[in-house]
Amino acid sequence: MLLKSTNRLRNTPFIVHRDFSYETRKKRAVLLALRKEIIRAVGDTKIHLNVDRLYVEGQVFTYSDKNGLKAGKLDGIGKLREMLRVDFTDSFRKIVAGGRDETNAGEVVNETEDELLAG
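What about the sheet that holds strand β3 (residues 59-64)?
Link 1 in the chain: Reading across from one edge, β1-β2-β3-β4-β5 is the order of the five strands in this open sheet, with antiparallel pairing throughout. Bordering the open sheet on either side are β1 (47-50) and β5 (74-75), each of which pairs with just one other strand.
Link 2 in the chain: Summarising the sheet, β1 and strand β2 (residues 53-56) pair through four bridges and their orientation is antiparallel. Opposite Leu49, over in β2, you have Leu54 as the bridge partner.

Here it is as structure tokens:
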């Protein structure tokens, strides 16, 4: 009931966030970072995140530590490459590695979920 009323808080200093489990927050952080990378590389594409699923031009992508990025039963990175004609392999490795570029240690290429949500 509270989440349905959040539109009343628009233009006020208050914000309400959903409470997600640790696993869901972890998945969202990876998917949000990937979303940001896709927007940076491709620009104009239909893309949104719904809980722990990333939708790119209607295709559902999921992430887990065990299976990595998946588009249904297919490899998610391969599917993105096929759909968008961009290879996100290196970007995704950096995202999953915690945002550190192994060739240039110390360069952060990933942001926290709160920073990504802010802009």
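Thoughts on the pairing of β3
Link 1 in the chain: Where β2 meets β3, three bridges bridge the pair, whose relative direction is antiparallel. The residue bridging Val56 from the neighbouring strand is Gln59, located in β3.
Link 2 in the chain: Hairpin connection from β2 to β3: two residues lie between these consecutive antiparallel strands, with Glu57 at a positive phi of about 50°.
Link 3 in the chain: Strand direction decides the pairing type here: β3 and strand β4 (residues 68-71), joined by three bridges, are antiparallel. Paired with Tyr63 across the bridge in β4 is Leu69.
Link 4 in the chain: From the end of β3 to the start of β4, which pair antiparallel, there are three residues.

Some remarks on the packing of aromatic side chains
Link 1 in the chain: This structure, assessed with the given rule, holds one aromatic pair.
Link 2 in the chain: Judged by centre distance (5.9 Å) and plane angle (75°), the ring pair of Tyr63 and Phe92 falls under edge-to-face. Here Phe92 lies in helix α3 (residues 89-96) and Tyr63 lies in strand β3, a separation of 29 residues in the sequence. Across the pair, exposure class does not vary: Tyr63 and Phe92 are buried alike.

A closer look at the environment of Val16
Link 1 in the chain: Residue placement: Val16 occurs in the segment before α1 (22-42).
Link 2 in the chain: In the structure, Val16 is positioned 11 residues away from Ser5 in sequence and 9.8 Å away in space, judged by C-alpha atoms.

What about the pattern of salt bridges?
Close approach of charged atoms allows side chains of opposite charge to pair.
Link 1 in the chain: Counted according to the given criterion, the structure contains seven salt bridges.
Link 2 in the chain: Here Asp65 and Lys26 are joined by a salt bridge, their closest N and O atoms 2.5 Å apart. Highlighted residues: Asp65 in the loop between β3 and β4 and Lys26 in helix α1, separated in sequence by 39 residues.
Link 3 in the chain: In this structure, Asp90 engages Arg93 in a salt bridge whose closest nitrogen and oxygen atoms are separated by 3.5 Å. Within this pair, Asp90 and its partner Arg93 are both found in helix α3, separated by three residues, close to a single helical turn.
Link 4 in the chain: Counted as one network, the salt bridges with shared partners bring together Lys27, Asp52 and Arg53.

Definitions and limits used
- Residues numbered from 1 in each chain as written.
- Predicted model: local features only at pLDDT ≥ 70, side-chain atom pairs only at ≥ 80, totals over all residues.
- Heavy atoms only, no water.
- Pairing = 2+ DSSP bridges.
- Helix = DSSP H or I, 4+ residues; strand = E, 2+ residues; numbered from the N terminus.
- Phe/Tyr/Trp six-rings, centres within 6.5 Å; stacked < 30°, edge-to-face > 60°.
- Buried < 20%, exposed > 50% of the residue type's maximum accessible area, 1.4 Å probe, protein only.
- Salt bridge = Lys/Arg side-chain N within 4 Å of Asp/Glu carboxyl O.

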